[in-house]
Amino acid sequence: MSSRNGHRPQSFASVEEVTSRLGDVGYLADRALATTVFLQARLGKPLLLEGPAGVGKTELAKALAAATGRPLLRLQCYEGQDETKALYEWDYGKQMLYTQILREKIAQIVADADDLAGAVEAIGAHDSVFFSERFLAERPLLRAIRSPEPVVLLVDEVDRADEALEAVLLEMLAEYQVSVPELGTFTARHVPLVVLTSNNTRDLSAALKRRCLHLFLGYPSAERELEIIRSKSTGLPEAVAGHLVDVVRGLREQGLRKPPGISEAIDWARTLALLGATEPDTALLEDTISVVAKYERDVERALRVLPVLVEGERPVPVPETGGADDPGTGAALRAARDTPGRHGSGYYGERTGTQAAPRRVSGSQGERSFVANHGRRTR
Ligand SMILES: Nc1ncnc2c1ncn2[C@@H]1O[C@H](COP(=O)(O)OP(=O)(O)OP(=O)(O)O)[C@@H](O)[C@H]1O
Ligand SMILES: [Mg+2]
């Protein structure tokens, strides 16, 4: 199979091929993700990616389109969105324009009618002219089904859509069919590669999850994150970039309202490179903290722990802003996230007499942090 813009095969022969072809278009996938993408393409199943902000969910769909040479169709979901924005609507403006231009012809059609009911009847006999493909305004779901060539369909931030739209989506994904009562049922000529993303601001229906291959995309390992930053040619010296990754990973564990994603790590690397950073420098990181911390409280908290993360100095304790009845911001949240032995001595202001080394953070800690944030919009 070849595509219109490349001669790139539209499916993958192996998991390794997924990794290498996504890599060729600048997307560095780990084994779990590459395996899921391989299965998705082979089984013709939609892929539901859940995970925190900025970990490469949307980017995967773009990379898939680039790697397979398929056009990318994107449905950006939002609250209150109705199916006319997702499936199709009738192009009212065009219908009006045609009736204006054809008014003489229409007058002839109703000329013989004796009364209003007769005129409506006469016009009604020509309904199909106005509810024909000519006046059909396709939206991404219908466009994906009717596309003459295979496509990648991105349904982005599906958790923001209302449940009614989720039901429409489910129907479409079950059969890869869409019915337009006036025209009939359209069935996909080519099964699209479908990627749904969610930030988990609400639970998706079990039916939708069941229909999809489901993958939690957490923060990457330190090595992969460094590799991603390297691949973006930020201009930051390798040693500083390595240190930056550790700092970013440490910040993700501070219970920030919006923990920094990979995109913020890349932005921070670019910022530091522009400012000529040649070595880990706490002052420079403090000056540029707004690149990764987007709320006042996050900035305060990040500034407090930066010395620990960069140099191993003891942070100055800052009083909590939330009380025990505020599980979102208070001590309760942090206590809930804490597990015995997770932090060595020297953390949270404990005097030890020795300097605490910057902490290493595992991928699963990123996942836990996300789950704790579950239900709260981060942007
Ligand atoms: N595996 C990766 N390989 C290369 N670049 C990546 C990868 N993951 C993330 N990125 C970079 O991070 C940026 C942010 O990713 P993306 O927009 O896909 O995040 P997201 O998970 O969709 O976040 P949100 O939930 O906020 O929409 C991308 O533009 C890309 O530059
Ligand atoms: Mg996204």
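Residues numbered from 1 in each chain as written. Chains lettered and ligands numbered in written order. Predicted model: local features only at pLDDT ≥ 70, side-chain atom pairs only at ≥ 80, totals over all residues. Heavy atoms only, no water.

Engineer: For this particular structure, what's the right way to read the nonpolar core?
Structural biologist: Burial of nonpolar side chains together is a common tendency in soluble globular proteins. L141, L153, V155, V158, L173 and L196 are the most contacted members of the largest nonpolar core, which has 35 residues in total. Breaking this core down by element, the ones donating at least two residues are strand 2 (72-76), strand 3 (88-90), helix 9 (140-146), strand 5 (152-156), helix 10 (163-175), strand 6 (177-180) and strand 8 (193-198). The element contributing the most residues to this core is helix 10, with five residues. The residue makeup of this core includes at least three contributed by each of domain 1 (15-81 + 143-216) and domain 2 (88-135). Each residue touching L173, except ones within four places of it in the same chain, is listed here: P46, V194, L196, L208 and R211. Listed in part, the 31 residues of the second largest apolar core include L226, L236, V248 and L285. (Core = buried A, V, L, I, M, F, W, Y, C linked by side-chain atoms within 4.5 Å. Buried < 20%, exposed > 50% of the residue type's maximum accessible area, 1.4 Å probe, protein only. Helix = DSSP H or I, 4+ residues; strand = E, 2+ residues; numbered from the N terminus. Domains from an automatic or database assignment. Contact = heavy atoms within 4.5 Å.)

Engineer: Which parts of the structure should I look at to understand the sheet that holds strand 1 (residues 47-50)?
Structural biologist: Where strands meet in a sheet, backbone hydrogen bonds hold them as pairs that are either parallel or antiparallel. In space, the five strands of this open sheet follow the order 2-5-8-1-9, with parallel pairing throughout. With partners counted over all chains shown, the strands left at the sheet margins are strand 2 and strand 9 (213-216), one partner each. Strand-to-strand twist across the sheet, computed as the mean angle between neighbouring axes with direction ignored, equals 20°. Note: strand 1 against strand 9, four bridges, orientation parallel. By the bridge assignment, E50 is partnered in strand 9 with F216. Most of the contacts of helix 2 (residues 31-43) go to strand 9, to which it runs at about 165°, and overall it touches strand 1, strand 8 and strand 9. (Pairing = 2+ DSSP bridges. Axes fitted to C-alpha atoms, helices over the stretch in contact; angles between N-to-C directions.)

Engineer: Please clarify how a negative patch on the surface should be interpreted in this entry.
Structural biologist: Where like charges cluster on the molecular surface, the negative patch consists of E279, D281, E286, D287 and E311. As for its position among the elements, E286 is in helix 15 (residues 282-287). (Patch = residues over 30% accessible without salt bridge, like charges linked within 9 Å, V, L, I, M, F, W, Y side chains within 5 Å. Areas by Shrake-Rupley, 256 points an atom, 1.4 Å probe, with all protein chains shown as cover. Salt bridge = Lys/Arg side-chain N within 4 Å of Asp/Glu carboxyl O. Lys, Arg positive; Asp, Glu negative; His and termini not counted. Charge placed at Lys NZ, Arg CZ, Asp CG, Glu CD.)

Engineer: So what exactly am I meant to see when it comes to the site of ligand 1 here?
Structural biologist: Around ligand 1 there are 19 residues in total, and L28, G54, K57, T58 and E59 lie nearest to it. Note that an oxygen atom of ligand 1 is positioned 3.1 Å from one of the backbone N or O atoms of V55. Here an oxygen atom of ligand 1 and a side-chain polar atom of K57 are 2.8 Å apart. Contact with the protein chains removes 84% of the 630 Å² of surface that ligand 1 exposes when unbound. The cavity that encloses ligand 1 is the largest pocket. When contributions to the shell around ligand 1 are tallied by element, the ones reaching two or more residues are helix 3 (57-68) and helix 14 (262-274). (Near = heavy atom within 4 Å. Polar contact = N/O pair within 3.5 Å; in protein donor to acceptor, adjacent residues only side chain to side chain. 1 Å grid on protein atoms, 1.4 Å probe; cavity = no way out; pocket = protein on both sides within 12 Å on 5 of 7 lines; lining within 4 Å. Sits in = over half its atoms within 2 Å of the grid points.)

Engineer: Mind showing me how you'd approach the packing of helix 13 (residues 238-251) against helix 14 here?
Structural biologist: Orientation of helix 13 relative to helix 14, taken along the N-to-C sense of each, is 135°, at an axis distance of 11 Å. In terms of axis orientation, helix 13 runs oblique to helix 14. Here helix 13 and helix 14 pass one another in a crossing that is right-handed. Listed contacts from helix 14 to L244, V247, V248 and L251 of helix 13 are A265, W268, A269 and L272. Its residues assigned to classes, the contact of helix 13 with helix 14 comprises eight nonpolar, no polar and no charged. (Parallel < 35°, antiparallel > 145°, perpendicular 65-115°, else oblique. Left-handed = near helix turned anticlockwise from the far one by under 90°. Nonpolar A, V, L, I, M, F, W, Y, C, P; charged D, E, K, R; others polar.)

Engineer: Just checking my understanding: could you explain the packing of helix 12 (residues 222-231) against helix 14 for this structure?
Structural biologist: Helix-helix packing is described using two parameters, namely the angle between the two axes and the distance between the axes. For the pair helix 12 and helix 14, the least separation of the axes is 10 Å and the interaxial angle reads 50°. Between helix 12 and helix 14, the crossing angle belongs to the class labelled oblique. Crossing geometry of helix 12 relative to helix 14 is assigned as right-handed. Across the interface between the two elements, E225, I228 and I229 from helix 12 touch I262, A265, I266 and A269 from helix 14. A class-by-class count of the residues in the contact of helix 12 with helix 14 yields six nonpolar, no polar and one charged.

Engineer: In this structure, what is going on with the pairing of strand 6? I would like to understand it.
Structural biologist: The side chains of a regular strand alternate between the sheet's two faces. Only one face of strand 6 is buried, namely the one carrying V178 and V180, since none of Q177 and S179 on the opposite face is buried. Hairpin connection between strand 6 and strand 7 (residues 184-187): a loop of three residues separates the two successive antiparallel strands.

Engineer: Please clarify how the layout of surface pockets should be interpreted in this entry.
Structural biologist: If a probe as big as a water molecule is rolled over the atoms, it shows which places are left empty. Approximately 760 Å³ is the volume found for the largest pocket. Forming the boundary of the largest pocket are 40 residues, of which G54, V55, G56, K57 and I262 lie nearest the centre. Those elements that provide at least two residues to the lining of the largest pocket are helix 2, helix 3, strand 9, helix 12, helix 14 and helix 18 (363-372). A class-by-class count of the residues in the lining of the largest pocket yields 15 nonpolar, 12 polar and 13 charged. Of the domains in this structure, domain 1 (15-81 + 143-216) and domain 3 (222-372) are the two that each give at least three residues to the lining of the largest pocket. Surrounding the second largest pocket, 14 residues form its lining, T99, I106, I123, H126 and F130 being those nearest its centre. Residue classes in the lining of the second largest pocket are distributed as nine nonpolar, three polar and two charged. (Points joined across faces, edges and corners; volume = space filled by probe spheres on them.)

Engineer: What should I look at first to understand the side chain of R297 in this one?
Structural biologist: Mapped onto the elements of the fold, R297 is located in helix 16 (residues 296-311). At 3.1 Å, the side chain of R297 forms a polar contact with the backbone oxygen of G255.

Engineer: So what exactly am I meant to see when it comes to the packing of aromatic side chains here?
Structural biologist: Here the distance between the centres and the angle between the planes together describe a pair of aromatic rings. This model, assessed by the stated rule, comprises four aromatic pairs. When the ring of W90 is compared with that of F131, the centres are 5.1 Å apart and the planes differ by 90°; the resulting orientation is edge-to-face. Residue W90 is located in strand 3, and its partner F131 is located in the loop between helix 8 (127-130) and strand 4 (136-138); the two are separated by 41 residues in the primary sequence. Classification of W90 by relative accessible area gives buried; the value is 18%. For F131, a relative accessible area of 28% gives the class partly exposed. Considering the side-chain rings of F130 and F135, the 5.6 Å spacing of their centres and the 25° angle between planes classify their relative orientation as stacked. Since its relative accessible area comes to 18%, F130 is described here as buried. By the ring-pair criterion, three or more aromatic residues cluster together here, those being Y88, W90 and F131. Its guanidinium or amino end placed over the ring of F135, K94 lies 5.8 Å from that ring's centre, counting from NZ or CZ. (Phe/Tyr/Trp six-rings, centres within 6.5 Å; stacked < 30°, edge-to-face > 60°. Lys NZ or Arg CZ within 6 Å of the ring centre and 35° of its normal.)

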